[in-house]
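Structural characterization, general
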Amino acid sequence: MSDIDTYIDVVPVDDMFSDRLYQRELDTKRAGQIATTWDRRLVGVLEVSDRGEHCSPRYAIINGQHRWAAASRAGVTALVATIHTGLSLADEAKLFYDIDAKTKALSTWDRWHARRGSGDTVVLAIEKIARECGLTVTQGSGPRNLQCCAALERIWSRSAPEVLADTLVLVLDIWPGEDDARKAVVLEGVALVLDTYSLTIDNGRLGDAMSEMTSRQLVTRARDLQERARGTLTQCVARVLVTAYNKQARKGQLDVEEI
């Protein structure tokens, strides 16, 4: 394909497609509403990437997949589009992110999905750690799924990479199959303890303390503590864990006030 270039042209609807590698899930209800009240004057210009003559469909939709889907439902055969040539898949994902972030508020997952498609090094590193722990960062629920991508990035940003890995290993080992264990507040609370006391903490002893309660009980106790003391719920989760840790032995006590 030629060097990167951009031009406007009319593109057949059947020659366009939505690449799930970076596009958000299609809202069929929204597409149906646009089709029902179809007004060509309000459609505007789509943004597409020309994948080349060897591809069928040829044009990957970067911005405008709901208008494209509505056009199909309304029997419209062609749409005006800004055509980008010479883009790699990562280029498309980044352009999708840049354009959509300015035109419509993206959900946390939409942003994560687009960043993954663009090869964002932080996203890829976090997902690599998750995979090594037998977990998947995804929007869907499941016993091996992590839906709290924003929390994972906060842990990554605040701590050394091994803190995130140790957190996932510990939580998965102590509370396998517990949905609450994979929630943001639990993961961030455990990570806060591991990071704060990284030089002195005994992970095995912490695991023993965690095993004395379920992940749901941990959150319940943290909420009770939050009503009596200052701090975020994450901090209170960490304080509950430190208190339980200290009960395991007289020596090697951790100062809960450091949280």
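Structure's up top.
Everything in this summary refers to the structure shown in the same document. These numbers come from a predicted model, not from an experiment.

Section: the nonpolar core
Counting residues in hydrophobic clusters, the biggest one holds 52 residues, and the most contacted among them are Leu152, Leu168, Trp175, Leu206 and Met210. For this core, the secondary structure elements donating two or more residues are α5 (108-117), α6 (121-132), α7 (149-158), α8 (161-174), α9 (184-196), α10 (203-210), α11 (215-228) and α12 (233-246). Ranked by residue count, the leading element in this core is α12, at 9 residues. Setting aside its immediate chain neighbours within four residues, leucine 168 contacts Ile129, Ala130, Cys133, Leu135, Leu146, Leu152 and Leu187. Core analysis: the second largest hydrophobic core is formed by 15 residues, Val13, Val48, Tyr59 and Leu79 among them.

Description of the pairing of strand β3 (residues 46-50)
With 5 of 5 residues buried, β3 lies mostly within the body of the structure. The two faces of β3 match: Leu46, Val48 and Asp50 on one face and Glu47 and Ser49 on the other face are all buried. Alignment of β3 against strand β4 (residues 59-63), held across 4 bridges, turns out to be antiparallel. The residue of β4 that forms the bridge with valine 48 is isoleucine 61.

Digging into the packing of aromatic side chains
Counted according to the given criterion, the structure contains 1 aromatic pair. Considering the side-chain rings of tyrosine 22 and phenylalanine 96, the 5.9 Å spacing of their centres and the 45° angle between planes classify their relative orientation as tilted. With tyrosine 22 in the loop between β2 (16-17) and α1 (28-36) and phenylalanine 96 in helix α4 (residues 89-103), the pair connects residues that are 74 residues apart, well separated along the chain. Of the two residues, tyrosine 22 and phenylalanine 96, both sit in the buried class. Directly above the ring of tyrosine 245 sits arginine 205, whose terminal nitrogen or CZ lies 4.1 Å from the centroid.

Parameters at a glance
- Residues numbered from 1 in each chain as written.
- Predicted model: local features only at pLDDT ≥ 70, side-chain atom pairs only at ≥ 80, totals over all residues.
- Heavy atoms only, no water.
- Core = buried A, V, L, I, M, F, W, Y, C linked by side-chain atoms within 4.5 Å.
- Buried < 20%, exposed > 50% of the residue type's maximum accessible area, 1.4 Å probe, protein only.
- Helix = DSSP H or I, 4+ residues; strand = E, 2+ residues; numbered from the N terminus.
- Contact = heavy atoms within 4.5 Å.
- Pairing = 2+ DSSP bridges.
- Phe/Tyr/Trp six-rings, centres within 6.5 Å; stacked < 30°, edge-to-face > 60°.
- Lys NZ or Arg CZ within 6 Å of the ring centre and 35° of its normal.

These values are about where atoms sit, not about what they do.
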